[in-house]
Each structure stands twice: as structure tokens, then as C-alpha cells.
Amino acid sequence: MNSKIGSNFMKKMQTHVKCRGKFYPRTNESIRRTQVPDDKVPWHVEWAEYSPVMYTAPHLLRTSGELPDWADPEDFGSVHPKWNAVDVNINRKSHMGVYEVHFNKPRNPQGRTGLQGRGCLGRWGPNHAADPIVTRWKTAKGENGASKILTHLKTSMPILQFVAIKRKDCGEWAIPGGMVDPGEDSTSTLLREFLEEALNIEETSAVEERRSIVNQVSRFFRDIAIRQLIHSGYVDDPRNTDNAWMETIAFNFHQPSENADNCLPSLKAGSDAAEAVWVDICHTNSLYASHSDFLEAVAILRGAHW
Ligand code: RP5
């Protein structure tokens, strides 16, 4: 990873913010987080009275046999999960290094969040996701009919666009990422989530059309000339808790020119996405979790307006 990108990230990621809001998401404001001041976020800072509410969403409290495969039991009983390791087909390793396990519960490596338990996350410890950041230059047809890259009025820098989706769960705009399924490798997750959320592949019934979309996007995602790792690590996701948190690998896939052979199919929202559109990248983009930080890193990498 480019060192400028890396250091910007580390600065921003030092203190999580979005997982320290007043209420826990998806609870109709019925579950309050203990408010954690910035200086009390790190675990090494003493806070004897810290005793946040314990909350795990009701649908995750079912017995093991009734749980979906993306969720852990609330209580492992006599089973000992392999923390900090690949546990059968579940990756319990963190990109952030070895996390602590305190009273049999993993501890958020970024510090306190004001809530214990899993909240609505399936796994104790890291919950792994993958985020495909698909970009292209913003262009317009010039007088001679040739397309030219547009620059920003203030910075004179070329404008990048990315594929954004509107999340159905919270209405926020986001990168079309998603959770890594048990046993799935994150490269497959990147492709699957993009196909589902930005191209609605699940509802594309015509076999030939479906095959052609999958082939086109797979080719595009495999092209190492346009692929760049942007982030692998913690995400400041509003669902994070003291014992369960989101991590991701975010890759940028850059479409060099609209007319290139690897041009993408037209966007169509599907699955957890209500809308899928190309959006200009700019510091004013207000996005879900740490996604604006990922875009800033992409803009720096590609020498684009931010
Ligand atoms: C974020 O949550 C990740 O960056 C990823 O975009 C997303 C995965 O969760 P779901 O979209 O599957 O809810 O933290």
C-alpha cells in the first residue's frame, strides 16, 4: 500500500467514532451506549466504573441448531472457539494483529465502544467483510466528439467517480461491500457482492445475460493492472461493540476508459441495495462506516480531486 495512504488511514483509525453514538443501530433507540470520551477509548486507560449495557440482538440468541451459518452461539458452552486463528471455516484472525480475549470474550482492538455483547453482528471478535471500490474518470464529449476527463473547478484535478449503493438497512450511501461467507475467500466476496448489489445478478433470469455479466465483471476484477489494495483492517462501523467488530479488505478496481474492452455493464441495484449509481468522489461524500476514508485513499492513489 502507498505509504501516504497508509499513514492517513492510521491517523483516522486511531479513534473510532461511528461506533460510539448515543444509541445502538437497529434498536429503535431502545439500546443506549455508555458515552465513551476520546481519552477513555483505549483499554489501557483505567476506567473502574466502566460497565456498559450488554446487548445481543434477539435473533442471535436462538439455539445453535436454529442459527444461520454466519452467526456464533451466544454461549459456546463446552466448545472452545479458536480465537486469533482460522476455526474450521471461520476466520477468527484479525488484520490488526493478536486481539485480547478477556473473560472468554474477544476485546475490540480499537478500544471501548460503550456496549458489550455482539449487538447485531454474527461473530464474537472480527466479522470479516470485503469492499469493491469500482472507479472511473468522469468524462464528457468534447467539441470534436472525443471524450475528455473533467477536472474540478477549484482544484483543477481530474474527477473520479465510484459505484455507490444506498443501503436498505439505514438509508446511507456506501461502497457495495458485504460479509465474507464461511469458507469463502475475500476475492470471491468482492465479486459476489458487486454482482448482487450493484448489478442485481440474483434477479437476472436470462441465462445468457447472466453469464455475460459475470464473465465481464470477473475479467475486470481479475485484471491486476487496474486493481489496488486500499485497506485491510478495522472498520469504524456503527454496529461494532466491545466484543464484536467489522474488518474489511477494500480493493480499488479502476476502469481506465469508458470505451475500453473491460467496460462494466449498466448498474442496477439488488440484494441489500436500494439504489446503485456512479457518484463523483469528493471530501463532501458522506458515507457509511469508514467508506469516505477509503475513497480519500483512492483519490490520493489516482491523483484525483478530493
Ligand atoms: C462495513 O459493513 C464494511 O466496510 C462493509 O461494507 C459492510 C459489510 O456489512 P453488510 O453490508 O453486509 O451489512 O463495515
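Everything numeric here is computed off the predicted structure, so don't read it as measured data. (Residues numbered from 1 in each chain as written. Predicted model: local features only at pLDDT ≥ 70, side-chain atom pairs only at ≥ 80, totals over all residues. Heavy atoms only, no water.)

Draft legend 1. Seen up close, the overall build of the chain. Assigned secondary structure in the chain consists of four helices and 15 strands. For the chain, the C-alpha radius of gyration of 21 Å lies close to 19 Å, the compact-globule estimate for 306 residues. Dimensions of the chain, computed from C-alpha atoms along their principal axes, come out at roughly 70 × 45 × 35 Å. Within the chain, buried positions represent 47% of all 306 residues. For the chain, the computed accessible surface area is about 15300 Å², with 51% contributed by carbon and sulfur atoms. (Helix = DSSP H or I, 4+ residues; strand = E, 2+ residues; numbered from the N terminus. Rg over C-alpha atoms; globule rule 2.2 N^0.38 Å. Buried < 20%, exposed > 50% of the residue type's maximum accessible area, 1.4 Å probe, protein only. Areas by Shrake-Rupley, 256 points an atom, 1.4 Å probe, with all protein chains shown as cover.)

Draft legend 2. Geometry of the site of the ligand. Lining the immediate surroundings of the ligand are Ala129, Asp131, Arg167, Gly177, Gly178, Met179, Val235, Asp237, Arg239, Met246, Tyr288 and His291. His291 has a polar side-chain atom sitting 2.9 Å from an oxygen atom of the ligand. Against a free-state accessible area of 360 Å², the protein chains account for coverage of 93% of the ligand. Judged by the proximity of its atoms to the pocket grid, the ligand belongs to the largest pocket. At the level of elements, β7 (125-137) and β12 (178-179) are the ones that each hand at least two residues to the shell around the ligand. Split into classes, the residues belonging to the shell around the ligand amount to five nonpolar, three polar and four charged. (Near = heavy atom within 4 Å. Polar contact = N/O pair within 3.5 Å; in protein donor to acceptor, adjacent residues only side chain to side chain. 1 Å grid on protein atoms, 1.4 Å probe; cavity = no way out; pocket = protein on both sides within 12 Å on 5 of 7 lines; lining within 4 Å. Sits in = over half its atoms within 2 Å of the grid points. Nonpolar A, V, L, I, M, F, W, Y, C, P; charged D, E, K, R; others polar.)

Draft legend 3. Representation of helix α2 (residues 186-199) in the model. Counted at 1.5 Å a residue, the expected span for α2 with its 14 residues is 20 Å, and the 19 Å between its end C-alpha atoms agrees. Residues of α2 that are buried include every one of Thr189, Leu190, Arg192, Glu193, Phe194, Leu195, Glu196, Glu197, Ala198 and Leu199, and no others. As for α2, its buried residues are in contact with β7, β10 (160-167), β12, α3 (207-222), β14 (244-255) and β15 (273-280). (Expected span 1.5 Å × (residues − 1). Contact = heavy atoms within 4.5 Å.)

Draft legend 4. Region of interest: the side chain of Thr113. In this structure, Thr113 sits in the loop between β5 (105-106) and β6 (116-119). One polar contact links the side chain of Thr113 to the main-chain carbonyl oxygen of Leu115, over a distance of 3.3 Å.

Draft legend 5. Broad picture of the nonpolar core. Val134, Leu190, Phe194, Val217, Phe220, Phe221 and Phe253 are the most contacted members of the largest nonpolar core, which totals 18 residues. Mapped onto this core, the elements with two or more residues apiece are β7, α2, α3 and β14. If you look at the next biggest cluster of nonpolar residues, it comprises 16 residues, including Phe162, Ile230, Leu295 and Val298. (Core = buried A, V, L, I, M, F, W, Y, C linked by side-chain atoms within 4.5 Å.)

Draft legend 6. The arrangement of the pattern of salt bridges in detail. Scanning the entire structure with this criterion turns up 15 salt bridges. With a shortest N-O distance of 2.9 Å, Arg20 and Asp38 are connected by a salt bridge. Here Asp38 lies in the loop between α1 (3-13) and β1 (54-56) and Arg20 lies in the loop between α1 and β1, a separation of 18 residues in the sequence. Judged by its relative accessible area of 10%, Arg20 falls in the buried class. (Salt bridge = Lys/Arg side-chain N within 4 Å of Asp/Glu carboxyl O.)

Draft legend 7. Layout of the layout of surface pockets. Within this model, the largest pocket holds a volume of roughly 1000 Å³. Among the secondary structure elements, those contributing two or more residues to the lining of the largest pocket are β3 (90-91), β7, β10, β12, α2 and β14. Of the residues contributing to the lining of the largest pocket, the split by class is 16 nonpolar, 15 polar and 17 charged. One number sums up the size of the second largest pocket: a volume of about 280 Å³. (Points joined across faces, edges and corners; volume = space filled by probe spheres on them.)

Draft legend 8. Just the environment of Ser286, in detail. Structurally, Ser286 can be placed in the loop between β15 and α4 (291-302). In the structure, Ser286 is positioned 112 residues away from Ala174 in sequence and 8.7 Å away in space, judged by C-alpha atoms. If we skip the residues at most four places from it in the chain, Ser286 touches Trp173 and Ser292.

Draft legend 9. Main features of α3. Here α3 contains 16 residues, and its C-alpha end-to-end distance of 22 Å stays within 8% of the 22 Å for a straight helix at 1.5 Å per residue. Among the residues making up α3, those that are buried are Ile213, Val217, Ser218, Phe220 and Phe221. Angularly, the buried residues of α3 cover 160° about the axis, an arc narrow enough to put them on a single face. Facing away from the buried surface of α3 by more than 90 degrees, the exposed residues are Val207, Glu208 and Arg222. Each element contacted by the buried residues of α3 is listed here: β7, α2, β13 (227-234) and β14. (Arc of directions from axis to C-beta.)

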